[in-house]
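Architecture at a glance
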Amino acid sequence: MSIKSWKRRGQWLELMPGKAVTGKEDRQAAAEQWLLSELEFPEKLLRQLKATQGVQLAGDRLRLALFAVQPLGVEPRWADLDVLYEDDFCLVVHKPAGMKLHPDGGREEQVITLDHAVASYYEINGIETSVRHVHRLDEDTTGPVIYAKNAFALAKLDEAMRRKAIDRQYVAITGGQVPSDLRRIDAPIGKDRHHKQRRRVSEGGQDAITHVDIVHVWDRATLVRLKLETGRTHQIRVHLSYAGHPLIGDKLYGGRSDIIGRQALHGEVLSFNHPLTGVLIKVQDPWPADFEQLAARESHSVEGQT
């Protein structure tokens, strides 16, 4: 479900449920039922709001305290941040190569993660909410990352992730000439007991499916676009290595060393339904310079057949 008429008033979200509430004998109960059915409002969050007087009816208006002040939860550390999309519910930012997504509790106290940078962005712009990323990217993978700016958005986006309703399209440059019949890789992924950081295709692993679209076949490499049907750790890297075409620069999974200095993998498009309105949001993230340079160099080689 979705909703079209809404306004933010300070810490409050104001909605107009109309006939679903007006004229009803128990307006409060009718409003709560409308929230659960029309907005698919998380029941746990609704109980929390009710307990703190965060649900109010005023005439034909329903007000929810969705934007209450909350601590950042992460130390603000400034870094350049490329904002791709933002509203009162969501923030989508570009994660550069070599930047971890979140602090890992290690001793690298001066390391700036994407969460630190988002916390700084919130602080500078007076956004008084917790830093909550919805999904992850590897340290050396570039692309868009969604942050939920309130508990309602987090609950709805987390549920969308569980339902595989957040669509992520990646672009990658693999070693060798990928055959035209490689369209779908369906191979379970588990931990590699011989290497702490690695994952591997394993019969006892979790189901994992990657869809492959071949864009250009060059002399030494192939440009592919990929969509994830599942979201396992290192899934694309493991699957392409398993198929005999590891990502260029991905030394962990057998890719050839290259001047790109990382695995040639970029999150190109991120699509999701807005947690409140239901409108489809499609965020595009342009190729980073190092990826463009690698593609240009490989395309100058003798091109194979597509």
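In case you missed it, the structure is sitting above this.
First things first, this report covers the structure right here in the doc. (Residues numbered from 1 in each chain as written. Predicted model: local features only at pLDDT ≥ 70, side-chain atom pairs only at ≥ 80, totals over all residues. Heavy atoms only, no water.)

1. A closer look at the sheet that holds strand β2 (residues 12-15)
Selection criterion: When DSSP locates at least two bridges between a pair of strands, those strands are taken to pair. Secondary structure elements follow DSSP: runs of H or I of four or more residues count as helices, runs of E of two or more count as strands, with numbering from the N terminus. As a rule, the C-alpha atoms of each element are fitted with a line to give its axis, helices using only the stretch in contact, and angles between N-to-C directions run from 0 to 180 degrees.
Taking strand neighbours across the sheet as the criterion, the four strands line up as β1-β2-β4-β3 in an open arrangement whose pairing is antiparallel. Among the strands making up the open sheet, the edge pair consists of β1 (6-9) and β3 (55-58). Direction aside, neighbouring strands of the sheet carry axes that sit 25 degrees apart on average. Across four bridges, β3 lies against strand β4 (residues 61-64) in antiparallel orientation. Within β4, the residue paired with Val55 across the bridge is Leu64.

2. Regarding the side chain of Ser271
The criterion, for reference: Only heavy atoms matter for contacts: two residues are in contact if any of them lie within 4.5 Å across the pair.
Looking at the element boundaries, Ser271 is found in strand β14 (residues 265-273). Sequence-distant contacts of Ser271, defined by excluding residues within four places in its chain, comprise Ala165, Ile166, Asp167, Leu280, Ile281 and Lys282.

3. Some points on the side chain of Asn150
Definition in use: Here a polar contact is taken to be a pair of N or O atoms separated by no more than 3.5 Å, where protein atoms must pair a possible hydrogen donor with a possible acceptor and residues adjacent in sequence count only if both atoms sit in side chains.
Within the secondary structure, Asn150 sits in the loop between β7 (143-148) and α4 (151-162). Reaching out from Asn150, the side chain makes a polar contact with the backbone nitrogen of Ala153 at a distance of 2.7 Å. Look past the residues within four positions of Asn150 in its chain and what remains in contact with it is Leu66, Phe67, Asp88, Phe89, Thr129 and Arg132.

4. Topic: the environment of Val118
By secondary structure assignment, the location of Val118 is in helix α3 (residues 114-124). Sequence separation between Val118 and Arg132 is 14 residues; the distance between their C-alpha atoms is 9.4 Å. Other than its neighbours up to four places away in sequence, Val118 contacts Leu81, Leu91, Val93, Val131 and Tyr147.

5. Remarks on the pairing of strand β5 (residues 83-86)
One ladder, built from three bridges, connects β5 with strand β6 (residues 90-95); its direction is antiparallel. Looking at the pairing, Tyr85 lines up with Val92 of β6. The antiparallel hairpin formed by β5 and β6 contains three residues in its connecting segment.

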